[in-house]
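Each chain, written out:
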Amino acid sequence: MNESSKRYTNSGIEIKEIYTIDDLPKDPALDGAGAGTFPFTRGIQRDMYRGRLWTMRQYAGFSTAEESNKRYHYLLSQGVNGLSVAFDLPTQIGYDSDHPMAEGEVGKVGVAIDSIDDMEILFQGIKLEDVSTSMTINATGFILLALYVAVAKKQNADLKKINGTTQNDILKEYAARGTYIYPPKASMRIITDIFEWCSHDLPKWNTISISGYHIREAGSTAVQEIAFTLSNGKAYVKAALEKGLDINVFGKRLSFFFNAHNNLFEEVAKFRAARRMWAQMMKDLGATDPKAMMLRFHTQTGGSTLTAQQPLNNISRVTIQTLSAVLGGTQSLHTNGYDEALSLPTEQAARIALRTQQVVAHESGVADTADPLAGSYFVEALTSEVEQKAWELIGKIDAMGGSVPAIEEGFIQDEIARSAYEYQRQVETGEQIIVGVNKFQLNDEATIPILRIDDSIRQMQAEKLKALRNKRNPAKCDNILQELNDKASNGDNLMPVVIEAVENYCTLGEIADTLREVFGEYK
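A brief structural summary. This structure is a prediction, so every number in the text was calculated from the model and none was measured.

For the protein chain, the count of helices and strands is 19 helices and 11 strands. Here the C-alpha radius of gyration of the protein chain, 23 Å, is about what a compact globule of 523 residues would show, namely 24 Å. Considering only C-alpha atoms, the protein chain reaches an extent of 75 × 60 × 45 Å along its principal axes. Within the protein chain, buried positions represent 55% of all 523 residues. Considering only contacts within the protein chain whose residues lie at least 6 apart along the sequence, 78% involve residues at least 24 apart. For the protein chain, the exposed surface amounts to about 21,300 Å²; the carbon and sulfur share of it is 49%. The distance from the centre of the 54 positive side-chain charges to the centre of the 68 negative ones in the protein chain is 4 Å.

This is the structure:
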């Protein structure tokens, strides 16, 4: 076979012309294990979607809490059964909307949340006991969780029934995304505080969603996505073990967040391999409860795969990605709007994205049996090859001392950058065809309506903050923030005092700044 006729996956794995029984993995440990059985290659539940469909979430948040609340009510009316909150950049990096660093960014890529007043408006008319809420928030994840708990308490909700997820995955911020505040060691301490507090007070909450999504968005391959994500997961588990937490307790509340791209079979293989690897990893770290070895994950379709050219083609891309996530056994799913290469999704685009999930769930038949691609010579061989290459990368990271040193040395960032460069080179040379971009272009494209966020949002938020500061007890706020400073300095768990702070109208920025004084900022 000449070189030009060869085919490769996104991760550079060569694809044979045909696969046969001889290509099936020879490891007898992988034979015969059904869904719901260690190492969970075929899924974490025996009956998978026959028992319960994946949670259909739509990631939404923009402008003010009032506007986002309207979108949530609309999505719930259309059949969404889990909310997923996007926060604006100032909220993500610990600045109130009236801070000079927030200028030009308030409400733009998500909703602006400065205080408990905003959080109450965000969930107005929504009983927190009745919904599962995912919050894509990392450096300030502990503050947003405190705000959510404070609102739940105001609703007289039973905290033992509250369920949802805070992303809370800071390691991938240093490696791929950049919305960090504090140095790694301090950030890891905050995360283990959340693990510890939730295990007693919020037992159904997923305390972290270890994210490969943003690693993939930054340009990684599928193999790198799971290798780096699972390595980060191992680092969090080790940090929790060092704090004396029980792996069989906190291990059940760990969740993951993966990307779904267009190479259908490699993506399915990636999800299957990740489940198998995590089960083995947790077993090696001392887990004995099977539920603490299960890799539960949310998936979002690939934002970086969406094109501004011929954006309606993105509906087809999202459909392929939806299939890969479902065939791969996801527990929840967000589907992107076709217009997201241009702006935040319009209501129409969000509805089409949700309908894509509903069509796959109810019309395609792929949810009728667990792991429907199992036994495919190609998929089984690819699952094992993805796994093998991911273990090789994890071995390199382990040799450096784990994810934290690997990030500090720039290893993970360099690996992602190399892959991103190679992919872009392939697009520019035409080796990788992107329909409508480097092939099958149109000279004259229809205009797509886009959602615009007005800059006046910042002024509205500033006025709200002024009113908040006028109505609160300033001496009490000062005392609570001093207590937060003391607890941060002496190693006490931060969650109780942060909850007390938000209940007494301390703002997100004030809490973040108090900890900046203690921990410093990561540069």
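A few words now on the environment of Ile194. Tracing the sequence through the fold places Ile194 in helix H6 (residues 184-201). Residues Ile194 and Leu494, 300 residues apart in the sequence, show an inter-C-alpha distance of 8.2 Å. Apart from residues no more than four positions distant in its own chain, Ile194 is found in contact with Phe142, Leu145, Asn168, Thr207 and Met495.

Our focus in this paragraph is the nonpolar core. Judged by nonpolar contacts, the single largest core of 140 residues is most densely connected at Met119, Phe142 and Ile511. When residues no more than four places from it in sequence are discounted, the contact partners of Phe142 are Tyr182, Ile190, Ile194, Met495, Val498, Ile511 and Leu515. By size, the runner-up hydrophobic cluster in this structure holds six residues, among which are Val106, Ala112, Ile453 and Ile457.

Another point: the packing of helix H4 (residues 141-154) against helix H19 (residues 508-519). Interhelical geometry of H4 versus H19 gives an angle of 140° and a closest axis separation of 10 Å. Accordingly, the angle class assigned to the pair H4 and H19 is oblique. In this structure, H4 crosses over H19, and the sense of that crossing is right-handed. Mapping the contact onto sequence places Phe142, Ile143 and Leu144 in H4 and Leu508, Ile511, Ala512 and Leu515 in H19.

A cis geometry characterises the amide bond from Phe38 onward to Pro39, with omega recorded as 5°. For Pro39, the location among the structural elements is in the loop between strand E2 (14-15) and strand E3 (55-60). One non-glycine residue, Gln310, lies in the positive phi region at around 45°. Tracing the backbone shows Gln310 in the loop between strand E10 (297-301) and helix H11 (313-327). For Gln310, a relative accessible area of 13% gives the class buried.

Residue position: Pro25 is located in the loop between E2 and E3. Remark: the alpha-carbon pair of Pro25 and Ser304, spanning 279 residues in sequence, is separated by 33 Å.

A few words now on the sheet that holds strand E9 (residues 254-260). Strand order in the open sheet made by the nine strands is E7-E6-E5-E4-E3-E11-E10-E9-E8, with parallel pairing throughout. Here the strands that pair on one side only, and so sit at the sheet edges, are strand E7 (205-206) and strand E8 (208-211). By the bridge criterion, five bridges tie E9 to E10 in an arrangement that is parallel. If you follow Asn259 over to E10, its bridge partner there is Gln300.

The next subject is the packing of aromatic side chains. Using the criterion set out here, one finds 18 aromatic pairs in the structure. Geometrically, the ring pair formed by Tyr148 and Trp205 is tilted, given 5.3 Å between the ring centres and 50° between the ring planes. In this pair, Tyr148 is assigned in helix H4 and Trp205 in strand E7, connecting sequence segments 57 residues apart. With respect to burial, Tyr148 and Trp205 carry one shared label: buried. It is Lys16 that lies over the ring of Tyr19; its NZ or CZ is 5.6 Å from the centre.

A polar atom in the side chain of Gln310 sits 2.9 Å from the backbone oxygen of Phe440. Apart from the residues lying within four places of it in its own chain, the contact partners of Gln310 are Gly436, Phe440, Gln441, Leu442 and Glu445.

Counted under the stated rule, the structure contains 33 salt bridges. When the shortest N-O distance is used, the salt bridge between Asp289 and Lys252 registers 2.9 Å. Taken as a pair, Asp289 in the loop between helix H10 (264-284) and E10 and Lys252 in the loop between helix H9 (247-250) and E9 lie far apart in primary sequence, 37 residues in all. Taken together, the shared-partner salt bridges in this structure form one network comprising Asp96, Asp98, Arg469, Arg472 and Glu510.

Cut-offs applied
- Residues numbered from 1 in each chain as written.
- Predicted model: local features only at pLDDT ≥ 70, side-chain atom pairs only at ≥ 80, totals over all residues.
- Heavy atoms only, no water.
- Helix = DSSP H or I, 4+ residues; strand = E, 2+ residues; numbered from the N terminus.
- Rg over C-alpha atoms; globule rule 2.2 N^0.38 Å.
- Buried < 20%, exposed > 50% of the residue type's maximum accessible area, 1.4 Å probe, protein only.
- Contact = heavy atoms within 4.5 Å.
- Areas by Shrake-Rupley, 256 points an atom, 1.4 Å probe, with all protein chains shown as cover.
- Lys, Arg positive; Asp, Glu negative; His and termini not counted.
- Charge placed at Lys NZ, Arg CZ, Asp CG, Glu CD.
- Core = buried A, V, L, I, M, F, W, Y, C linked by side-chain atoms within 4.5 Å.
- Axes fitted to C-alpha atoms, helices over the stretch in contact; angles between N-to-C directions.
- Parallel < 35°, antiparallel > 145°, perpendicular 65-115°, else oblique.
- Left-handed = near helix turned anticlockwise from the far one by under 90°.
- Pairing = 2+ DSSP bridges.
- Phe/Tyr/Trp six-rings, centres within 6.5 Å; stacked < 30°, edge-to-face > 60°.
- Lys NZ or Arg CZ within 6 Å of the ring centre and 35° of its normal.
- Polar contact = N/O pair within 3.5 Å; in protein donor to acceptor, adjacent residues only side chain to side chain.
- Salt bridge = Lys/Arg side-chain N within 4 Å of Asp/Glu carboxyl O.

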